[in-house]
Amino acid sequence: MSTPAEPHAAGPTNLAGPTNLAGPTNLAGPKPARPIRLSLFYKILLASFVAGLVPLLIIAYRSVKAINDTGATAQNVAARELDKKSIESLQVRAAQTAERISALLAQSVEDTIYVSHLAPDAQVYLDYYLSRQGTLWFDRGSAEAPVSVLRSTPLYRELAFIDPGGQEVIRIRDGNLLSGSDLRNVSAPANTTYRSEDYFSQAVQLSRNQVWVSPVMAWFATNPLQPGQATDATSSRFAYANYEAVMRFAAPAIDPGGSLQGVVVLSLDFRHVMELVNHIQSVSGEVVWPDTASGNYAYMLDYEGWLIAHPDLSSVRGLDSEGKLVPSRMAATTEAEMPRPLNMLTTDFGRSAVDVPSRANNISSRVLSGESGYLEGTNRQGAYKVDIYVPIQFAYGVYAPGGYFGGIVLSEAVQNVEAAGKISSEVIATEVRKVLWDVAWIVGLGLLFLFTMSVLVSRNITDPVSKLTEAARTMEKGEVDLDLLASIGQRRTEDEVTALTRVFKQMAEAVQMREKRLREEVQALRIQIDEVKKNEEVDK
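Conventions used here
- Residues numbered from 1 in each chain as written.
- Predicted model: local features only at pLDDT ≥ 70, side-chain atom pairs only at ≥ 80, totals over all residues.
- Heavy atoms only, no water.
- Helix = DSSP H or I, 4+ residues; strand = E, 2+ residues; numbered from the N terminus.
- Buried < 20%, exposed > 50% of the residue type's maximum accessible area, 1.4 Å probe, protein only.
- Contact = heavy atoms within 4.5 Å.
- Areas by Shrake-Rupley, 256 points an atom, 1.4 Å probe, with all protein chains shown as cover.
- Pairing = 2+ DSSP bridges.
- Axes fitted to C-alpha atoms, helices over the stretch in contact; angles between N-to-C directions.
- Phe/Tyr/Trp six-rings, centres within 6.5 Å; stacked < 30°, edge-to-face > 60°.
- Salt bridge = Lys/Arg side-chain N within 4 Å of Asp/Glu carboxyl O.
- Polar contact = N/O pair within 3.5 Å; in protein donor to acceptor, adjacent residues only side chain to side chain.
- Arc of directions from axis to C-beta.

A.B. asks: I keep staring at the overall build of the protein chain and nothing clicks. Help me out?
C.D. replies: Within the protein chain, the regular secondary structure consists of twelve helices and 13 strands. Looking at the protein chain as a whole, 40% of its 540 residues are labelled buried. Long-range contacts, defined here as pairs at least 24 residues apart, represent 61% of the contacts in the protein chain between residues at least 6 apart. Approximately 29,400 Å² of the protein chain is accessible, and the part contributed by carbon and sulfur atoms is 57%.

Rendered as structure tokens:
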């Protein structure tokens, strides 16, 4: 008896036929993209290489960044410290020069006191005069063909003994013993060399072993009375050898009984003071005559702010033909009225940069207050420079109230101050580049090593798999390559592939043995069949 379920079950079998499914086949979506075929070797190679590459690149990036940051920091610190050291070196140079000037002035005071104790004898005075020598360094010739000269020169332009009435009794000038009309009565300032000097009246008021010292006395550079005339720094270079300027050191000559015998005057050739300043070019360099346009030079100002040593002699304090100070350069001064001396306390530099007057006033007011330091700014020639200023201590004569002779200012172009820092930065940058090249080489070698190891590891995994696949294909044809399987299983390093190979080999051996038995059984069965056929034929 049949059940209803049987014909119902046959229905789905018919509906599943290819005729009913033809429609849905056409309605199917777009044909799926063909999958990317990538062998196991490349998958393992890519995975292992990327796994090693990413941390290597991160380490390389962090190392390069750290080296660059460290190099930049080292450059900045080194440059800053070396700039500071350069300025400190300039300050030391300026301070040493100020001390040498103070020592020279103090020695002149000592010399004056010493001569005031000598008997007023012309030959004794002349011998002493000739014993005091210094050296001047200057150029002769022209700007196109300068000739440097070193010349031994008496320290003093003049040595004189003046009686109590003001009459010169002994007067030695430039090594010559003067007489007759060359001997003056200097009690009247109009009879003095610069027609306004009062050193005699000042000295007679002093006690034994006291010295009066005058300001720097010189005809202005363009005054016809000035043998060393100059209108700018270039002409000053060759006028300096003949330039005349003195400082008077005067002391009373008092006998043991306390009576005034007269006054002794030593006139210091001020070029010997200028020598200590004019040749400075930098921290340790010296030149015959510096270039003011470069910003690398030194200058000196006196107790009133007047320039008294400068590569441009036309900027130096000077007197007109009546013995009066030539007024300082002012804003209203026209080009035709140039040149004029400079007073850093009162001068308005007119056509120069706006910050020049304020910086000059700042430097002079500070240095004459006993301060040391430095300021940066632009000079009249447009050079950006550092001005290091140091006071010069001296407290005799007109300098006694303030206690300072004046100050020295050592100017250095900013690029020269920063030069050591730049050199250091370049050295550090060079070393940083060397380290970066080393890092690049190491990273490159690391990448090569990583790639090589990735290939070796990939080959170590995929080669036995490939051989195992080949053995499987051989087995699929009904053959078994046991030698190939044995070579895979006998590798020096064992892993999962080795274990799989052994299992596959065992399976292959088992299959081979089963096939052998089957063949033997089939052969035996054929023999039996043949015997049965023979027997049936015999029975017929």
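A.B. asks: Where do I start with the sheet that holds strand β7 (residues 246–254) in this structure?
C.D. replies: Backbone hydrogen bonds are what pair the strands of a sheet, in a parallel or an antiparallel way. Spatially, the six strands line up as an open sheet ordered β5-β4-β3-β8-β7-β6, and their pairing is antiparallel. Two strands in the sheet have a free side with no partner beyond their single neighbour: β5 (176–177) and β6 (212–213). As paired elements, β6 and β7 share two bridges and run antiparallel to each other. Directly across from Trp 212, in β7, lies its bridge partner Ala 250. Against the sheet, helix α4 (residues 122–131) contacts β3 (156–162), β4 (168–173), β5 and β8 (260–269), and its axis sits at roughly 155° relative to β3.

A.B. asks: Would you take a moment to explain the pairing of strand β2 (residues 146–154) for this structure?
C.D. replies: Within a regular strand, the side chains alternate between the two sheet faces. By the bridge criterion, nine bridges tie strand β1 (residues 133–141) to β2 in an arrangement that is antiparallel. Across the sheet, the residue bridging to Asp 139 is Ser 148, located in β2.

A.B. asks: Which parts of the structure should I look at to understand the packing of aromatic side chains?
C.D. replies: The geometry of an aromatic ring pair is captured by two quantities: the separation of the ring centres and the angle between the planes. Following the criterion strictly, the structure yields eleven aromatic pairs and no others. Aromatic pair Tyr 240 and Trp 289: ring centres 5.1 Å apart, planes at 50°, arrangement tilted. Here Tyr 240, found in the loop between α6 (233–239) and β7, pairs with Trp 289, found in the loop between α7 (271–278) and β9 (297–302); they are 49 residues apart in sequence, far enough to count as distant. With respect to class, Tyr 240 is no different from Trp 289; both count as buried. For the ring pair Phe 270 and Phe 405, a centre distance of 6.5 Å and an interplane angle of 40° mean the geometry is tilted. In this pair, Phe 270 sits in the loop between β8 and α7 while Phe 405 sits in strand β13 (residues 404–413), placing the two residues 135 residues apart along the sequence. Clustering of aromatic rings is evident, with ring pairs tying together Phe 270, Tyr 303, Phe 394, Tyr 396, Tyr 399 and Phe 405.

A.B. asks: What should I look at first to understand the environment of Arg 151 in this one?
C.D. replies: Tracing the backbone through its elements, the reader meets Arg 151 in strand β2. A relative accessible area of 31% places Arg 151 in the partly exposed class. Sequence separation between Arg 151 and Thr 135 is 16 residues, and the spatial gap between their C-alpha atoms is 5.5 Å. Setting aside residues no more than four positions away along its own chain, Arg 151 makes contact with Gly 134, Thr 135, Leu 136, Phe 138, Arg 140, Ala 241 and Arg 271.

A.B. asks: What should I look at first to understand the pattern of salt bridges in this one?
C.D. replies: Pairs can form between side chains of opposite charge whenever their charged atoms are close. Tallying each qualifying case throughout the model produces 16 salt bridges. With a closest N to O distance of 3.3 Å, Glu 304 and Arg 317 form a salt bridge. Here Glu 304, found in the loop between β9 and β10 (307–309), pairs with Arg 317, found in the loop between β10 and α8 (355–367); they are 13 residues apart in sequence, far enough to count as distant. Accessibility expressed as a relative area gives 33% for Glu 304, which makes it partly exposed. The class of Arg 317 is buried, set by a relative accessible area of 7%. Overlapping salt bridges, with partners in common, bring together Arg 157, Glu 158, Glu 168, Arg 171, Arg 173, Asp 174, Arg 184, Glu 197, Glu 244 and Arg 248 in one network.

A.B. asks: Please clarify how α7 should be interpreted in this entry.
C.D. replies: In an α-helix, one turn spans 3.6 residues; hence positions three or four apart end up facing the same way. Most of α7 is tucked away, with eight of its eight residues classed as buried. Among the residues of α7, Arg 271, His 272, Val 273, Met 274, Glu 275, Leu 276, Val 277 and Asn 278 are the ones counted as buried.

A.B. asks: What is the right way to read unusual backbone geometry from this model?
C.D. replies: Both trends apply: most residues other than glycine have a negative phi, and most peptide bonds are in trans. With a phi angle near 50°, Asp 174 is a residue other than glycine that sits in the positive phi range. Here Asp 174 shows up in the loop between β4 and β5. Judged by its relative accessible area of 40%, Asp 174 falls in the partly exposed class. Although it is not a glycine, Asn 209 sits at a positive phi angle of roughly 70°.

A.B. asks: Explain the side chain of Ser 411 here, please?
C.D. replies: Topologically, Ser 411 is positioned in strand β13. Among the polar contacts listed, one links the side chain of Ser 411 to the side chain of Asp 387, at a separation of 2.4 Å. Leave out the neighbours within four places in its chain, and Ser 411 touches Gly 295, Asn 296, Tyr 297, Ala 298, Tyr 299, Lys 385, Val 386 and Asp 387.

A.B. asks: Would you explain α4 in this entry?
C.D. replies: By the burial criterion, the buried members of α4 are Tyr 125, Leu 126, Tyr 128 and Tyr 129. Each buried residue of α4 lies within a common arc of 165° when the element is viewed along its axis, so the set occupies one face. Two to three positions downstream of the cap, the backbone nitrogen of Gln 123 sits 3.1 Å from a side-chain oxygen, assigning the N-cap of α4 to Asp 121.

A.B. asks: Looking at this model, I keep getting lost on the pairing of β8. Mind explaining?
C.D. replies: The buried fraction of β8 is high, at eight of ten residues. Sheet analysis places β3 next to β8, joined by six bridges and oriented antiparallel. When the sheet's bridge partners are listed, Tyr 156 is paired in β8 with Leu 268. Count of turn residues in the β7/β8 antiparallel hairpin: five residues, of which Gly 258 carries a positive phi of about 95°.

Purely geometric stuff here, so don't read any function into it on its own.
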